[in-house]
Amino acid sequence: MLLTNFFQLSQDLDKNLYLFYKSKQMQKAFPIRKINLTANSCELICKNGTAKTLGDLAKMLGKIKQKNIPLTVHLLSEDNNIYGFQIDNHQNRIYLK
């Protein structure tokens, strides 16, 4: 998924939703705690602790001009592509998949 696609899909969502990554291989959801932006990609990094919110991501990346870059998640020394997300309003979370 490109960063611009993610912003288009999430623009009407609550900005207080926490960002998590959930892979098919692992049943556990990992909080996204750090963002690494380069000229060629936007990498969301999973670490233990409190997850970033959708508003945090929009505030940090909303003003960049080039948004046609891949959005990936870094987990356990591996980069994973994002293909979509699932919203859990009961737990106030977005699960990137």
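Everything below is about the structure printed above this text.
Per chain, residue numbering runs from 1 following the sequence as it is written. Per-residue local features of the predicted model are confined to residues with pLDDT of at least 70, and side-chain atom pairs are confined, for both listing and counting, to 80 or more; whole-chain, interface and lining totals are unaffected and use all residues. Based on all heavy atoms of the structure, the side-chain values leave hydrogens and waters out of the count.

Peer 1: It is not clear to me how the sheet that holds strand β7 (residues 93-96) should be interpreted in this structure. Could you clarify?
Peer 2: Strands pair in a sheet through their backbones, by hydrogen bonds, and they do so in one of two ways: parallel or antiparallel. With respect to topology, 7 strands assemble into an open sheet ordered β5-β4-β3-β2-β1-β7-β6, the strand pairing being mixed. Each edge of the sheet is formed by a strand with only one pairing partner; in this case those strands are β5 (78-81) and β6 (85-88). Recorded for the sheet is a direction-independent mean angle of 40° between the axes of neighbouring strands. Contacts: residue pairs with any heavy atoms within 4.5 Å of one another. Here an angle of 0 to 180 degrees is reported between the N-to-C directions of two axes, which are lines fitted to C-alpha atoms, with helices fitted over the stretch in contact. Each helix is a run of H or I in the DSSP string that is no shorter than four residues. Each strand is a run of E no shorter than two, and both are numbered from the N terminus. Sheet strands touched by helix α1 (residues 3-10): β1 (18-22), β3 (42-46), β4 (71-75), β6 and β7. Its angle to β6, the strand with the most contacts, is close to 30°. Docked against the sheet, helix α2 (residues 54-61) engages β1, β2 (29-37), β3 and β7, running at close to 10° with respect to β2. The pairing criterion for strands is at least two bridges between them, as found by DSSP.

Peer 1: What am I meant to see in the pairing of β1 here?
Peer 2: Residues in a regular strand project their side chains so that they alternate between the two faces of the sheet. In this structure, β1 lies alongside β7, joined through 4 bridges in parallel fashion. The partner of Leu19 across the bridge, within β7, is Ile94. Joining the antiparallel neighbours β1 and β2 is a turn of 6 residues.

Peer 1: Mind showing me how you'd approach the packing of α1 against α2 here?
Peer 2: For any two helices packed against each other, one specifies the inter-axial angle together with the distance between the axes. One can describe the packing of α1 onto α2 by two numbers: an axis separation of 12 Å at closest approach and a directional angle of 130°. Between α1 and α2, the angle is such that the two are oblique. Crossing angle aside, the handedness with which α1 passes α2 is left-handed. Contacts between α1 and α2 pair Leu3, Phe6, Phe7 and Ser10 from the former with Leu54, Leu57, Ala58 and Leu61 from the latter. In terms of residue class, the contact of α1 with α2 is built from 7 nonpolar, 1 polar and no charged. Put simply, angles under 35 degrees are roughly parallel, angles over 145 are roughly antiparallel, angles from 65 to 115 are roughly perpendicular, and the rest are oblique. By definition, any crossing whose near helix is turned counterclockwise from its far helix by less than a right angle is left-handed, and any crossing with a clockwise turn is right-handed. When residues are grouped by polarity, Ala, Val, Leu, Ile, Met, Phe, Trp, Tyr, Cys and Pro land in nonpolar, Asp, Glu, Lys and Arg in charged, and all others, Gly among them, in polar.

Peer 1: What am I meant to see in the nonpolar core here?
Peer 2: Most often, soluble globular proteins keep nonpolar side chains buried together rather than apart. One finds Cys42, Leu44 and Leu96 to be the most contacted residues of the largest nonpolar core, which totals 22 residues. Of all the secondary-structure elements, those providing two or more residues to this core are α1, β1, β2, β3, α2, β4 and β7. Among all residues touching Leu96, those that are not within four sequence positions of it are Phe6, Phe20, Tyr21, Lys22, Ile32, Leu44, Val73, Ile82, Gly84 and Phe85. Definition used in this section: a nonpolar core is a set of buried Ala, Val, Leu, Ile, Met, Phe, Trp, Tyr and Cys residues joined via side-chain atoms within 4.5 Å. Accessibility here uses a 1.4 Å probe with only protein chains present; expressed as a share of the type maximum, an area under 20% marks a residue as buried, one over 50% as exposed, and anything in between as partly exposed.

Peer 1: Got a minute to help me understand the state of the cysteines in this structure?
Peer 2: Cysteine pairs can be linked by a disulfide, which is a covalent bond between their two sulfur atoms. The rule for a disulfide is simple: a pair of cysteine sulfur atoms within 2.5 Å. Scanning the model with the defined rule gives 0 disulfides in all. The thiol of Cys42 is unpaired, and the distance to the nearest cysteine sulfur, on Cys46, comes to 12 Å. Exposure remark for Cys42: the relative accessible area of 0% places this residue in the buried category.

Peer 1: How should the environment of Tyr95 be read in this particular structure?
Peer 2: Here Tyr95 lies in strand β7. Polar contact criterion, stated in full: a pair of N or O atoms within 3.5 Å, where within protein one must be able to donate a hydrogen and the other to accept it, and residues adjacent in sequence count only if both atoms are side-chain atoms. A distance of 2.9 Å separates polar atoms of two side chains, one belonging to Tyr95 and the other to Gln91. Of note is the side chain of Tyr95, whose polar atom sits 3.3 Å from the side chain of Arg93.

Take it as geometry only, folks, not as evidence of what the structure does.
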